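# Topology and contacts: notes
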2 protein chains.
Amino acid sequence: MTTLREKKKQLTRKAIIEAAVRLFGRKGFEKTSIEELAREAGIGKGTIYTYFQTKAEIFYAFCEEQFEFIHKELATKTDPEAPVIERVMTVFMGEFLHVTQNKEFGRFFMQRVLFPEEYEKNSRDEVDNKWLELLFSIYQKAQQRGELRQDIDLLYLAGHFYALYILVVSSWYSGRIETEEVASSMRLLFQQALDGLAPTKSSLSNNQG
Amino acid sequence: MTTLREKKKQLTRKAIIEAAVRLFGRKGFEKTSIEELAREAGIGKGTIYTYFQTKAEIFYAFCEEQFEFIHKELATKTDPEAPVIERVMTVFMGEFLHVTQNKEFGRFFMQRVLFPEEYEKNSRDEVDNKWLELLFSIYQKAQQRGELRQDIDLLYLAGHFYALYILVVSSWYSGRIETEEVASSMRLLFQQALDGLAPTKSSLSNNQG
DNA sequence: TATAAATCTCGACTGCATTCGACTTTTGCC
DNA sequence: GGCAAAAGTCGAATGCAGTCGAGATTTATA
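Predicted model only: the values in this text are computed from it and were never measured.

Residue and element names in this part refer to chain A. Contact geometry of helix α1 (residues 4-27) with helix α4 (residues 55-77) gives a least axis separation of 10 Å together with a crossing angle of 85°. The orientation of α1 with respect to α4, classified from their angle, is roughly perpendicular. The residues of α4 that touch α1, namely those facing Ile16, Ile17, Ala20, Val21 and Phe24, are Ile58, Ala61, Phe62 and Glu65. When its residues are assigned to classes, the contact of α1 with α4 shows eight nonpolar, no polar and one charged.

On the chain B side, the residues contacting the 41 residues of chain A number 41 residues. At eleven residues, helix α8 (residues 154-173) of chain A tops the list of elements feeding residues into the side of chain A that touches chain B. Its residues placed into classes, the side of chain A that touches chain B shows 22 nonpolar, 13 polar and six charged.

Secondary-structure assignment places Glu57 of chain A in helix α4. Expressed as a C-alpha distance, the spacing of Glu57 of chain A and Ser170 of chain A, which sit 113 residues apart in the sequence, is 23 Å.

On to the packing of α8 of chain A against helix α8 (residues 154-173) of chain B. The description of two packed helices rests on the angle between their axes and on the distance between the axes. At a minimum axis separation of 8 Å, α8 of chain A and α8 of chain B run at an interaxial angle of 105°. Viewed along their axes, α8 of chain A and α8 of chain B adopt a mutual orientation that is roughly perpendicular. Together, Gly159, Tyr162, Ala163, Leu164, Ile166 and Leu167 of chain A of α8 of chain A and Gly159, Tyr162, Ala163, Leu164, Ile166 and Leu167 of chain B of α8 of chain B make up the contact between the two elements. Per-class residue counts for the contact of α8 of chain A with α8 of chain B are ten nonpolar, two polar and no charged.

Let's shift gears to the protein's contact with DNA strand D. DNA strand D sits among 21 residues. The nearest are Thr3, Ser33 and Lys55 of chain A together with Gly44 and Gly46 of chain B. Counting residues per element, the ones that place at least two in the surface near DNA strand D are α1, α2 (34-41) and α3 (45-51) of chain A together with α1 (4-27) and α3 (45-51) of chain B. Considered class by class, the residues forming the surface near DNA strand D number four nonpolar, nine polar and eight charged.

Take chain A, turn it by 179°, move it 0.0 Å along the axis, and it overlays chain B with an RMSD of 0.2 Å. As the rotation angle and translation indicate, the two copies are arranged about a two-fold axis. Within chain A, Gly196 of chain A has its C-alpha nearest the rotation axis, a separation of 1.6 Å. Mapped onto chain B, 100% of the interface residues of chain A are again interface residues, and the two copies thus contact each other with one and the same surface.

Another point: the environment of Asp79 of chain A. Structurally, Asp79 of chain A is set in the loop between α4 and α5 (84-101). Taking the C-alpha atoms as reference, Asp79 of chain A lies 9.2 Å from Thr90 of chain A; in sequence the two are eleven residues apart.

Conventions and cut-offs
Residues numbered from 1 in each chain as written. Chains lettered and ligands numbered in written order. Predicted model: local features only at pLDDT ≥ 70, side-chain atom pairs only at ≥ 80, totals over all residues. Axes fitted to C-alpha atoms, helices over the stretch in contact; angles between N-to-C directions. Helix = DSSP H or I, 4+ residues; strand = E, 2+ residues; numbered from the N terminus. Parallel < 35°, antiparallel > 145°, perpendicular 65-115°, else oblique. Contact = placed C-beta atoms within 7 Å. Nonpolar A, V, L, I, M, F, W, Y, C, P; charged D, E, K, R; others polar. Near = placed C-beta within 6 Å. Least-squares fit on C-alpha atoms with pLDDT ≥ 70 in both.

Laid out in structure tokens, this is it:
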């Protein structure tokens with residue numbers, strides 16, 4: 001049964017997230033105080049903590065909102081017949097553009113998603129499960145078409161591409177590459193990963209060059 | 001000329017870092033307050049901020065101390081005649097063990113090193129330049145011996161291995177892999193990266209299986 | 001509908017990083 | 001040495017995340 005209490009909680013939760021979307025969008029995460037957020041949501045400061053344990057957790061909820069949007073968009077964009085590298089590029093570049101649209105948002109997001117605190121693990125999981133689904137379907141199809149090795153576990157395949165994506169984003173945040181270089185670096189890395197870092201048997205001859 | 005002022009500053013800076021090493025080591029970063037740190041260093045709270053802009057920056061100085069130690073150790077350990085994968089495993093597992101000895105330390109470190117704030121970039125650079133030197137020498141030697149492709153830029157080669165290392169550490173922090181699995185996952189990923197993710201021409205025949 | 005238990009709401013309070021500006025020390029100059 | 005400017009030092013004040021417990025609302029039970 002949906003009690004009155006539950007309905008109210010639902011509404012309050014929604015109000016908090018909506019306030020967060022407005023305020024984080026306008027002022028950024030760091031500069032939005034919990035007190036402000038509470039005021040915007042029309043509730044008391046302490047009440048927020050019945051819904052979220054920490055400020056970071058509110059941020060995750062905010063992220064989920066955002067990701068629902070982007071994932072839908074990406075799912076449409078990605079052409080099932082294109083080569084893996086193109087499909088993966090589409091997804092990761094879409095992700096990159098979105099994540100880094102607000103630099104602070106992206107930084108916080110990457111930091112927390114990759115290296116979560118113990119108590120953050122749960123909220124994190126929800127965010128990246130849909131993510132994995134989308135990618136898995138891409139890799140699986142590529143395996144079936146013979147574009148990717150079948151003796152590598154899907155999870156590991158996903159890992160390789162994801163790892164390179166993280167690297168590129170990190171390089172961008174560190175100022176080692178410029179925004180315009182992101183796509184080409186990413187593509188190059190992906191291609192190298194596909195080809196392998198060790199010389200192929202056939203090209204072994206020119207190794208002593 | 002080294003003025004009296006400069007000498008004193010040098011000493012105070014050192015006192016702060018030493019206090020940090022003691023306190024962070026004993027109580028951890030989060031639980032050590034600036035006030036405590038100041039007391040331990042025998043100076044006023046405000047004074048710390050003439051030496052470091054934020055608490056995080058003190059942490060970098062602390063890291064440098066730690067890394068000087070570990071890098072020296074690793075440089076010794078790594079056998080120049082072993083295959084790349086062994087050498088790289090030695091370095092990254094050494095790094096992993098060290099970084100994660102104190103889980104909180106490692107988390108903070110990875111988050112900041114990979115996705116630094118604008119003002120953090122400088123302090124960050126110093127930390128990982130030595131790191132790159134060590135790895136570059138390994139990859140270069142491997143290239144010369146024909147273990148790694150020569151048509152890939154050293155920086156990119158380094159990137160591939162580093163990316164996978166980050167992935168493994170992230171997976172560990174996220175609870176997706178256990179401590180005992182770290183080494184084997186890492187090795188598998190490295191090997192796959194060497195071999196390539198795409199099927200080799202010769203194995204193309206069994207792709208439709 | 002009356003009442004006790006459960007749950008929710010609130011803003012005053014606590015603790016800590018960072019800022020501020022009054023005060024002290026050092027330097028450069030005569 | 002004497003003195004003004006420059007640089008350094010300090011802890012009280014500020015701002016904010018997160019806690020707490022008193023009071024309000026809802027639910028379960030009769």
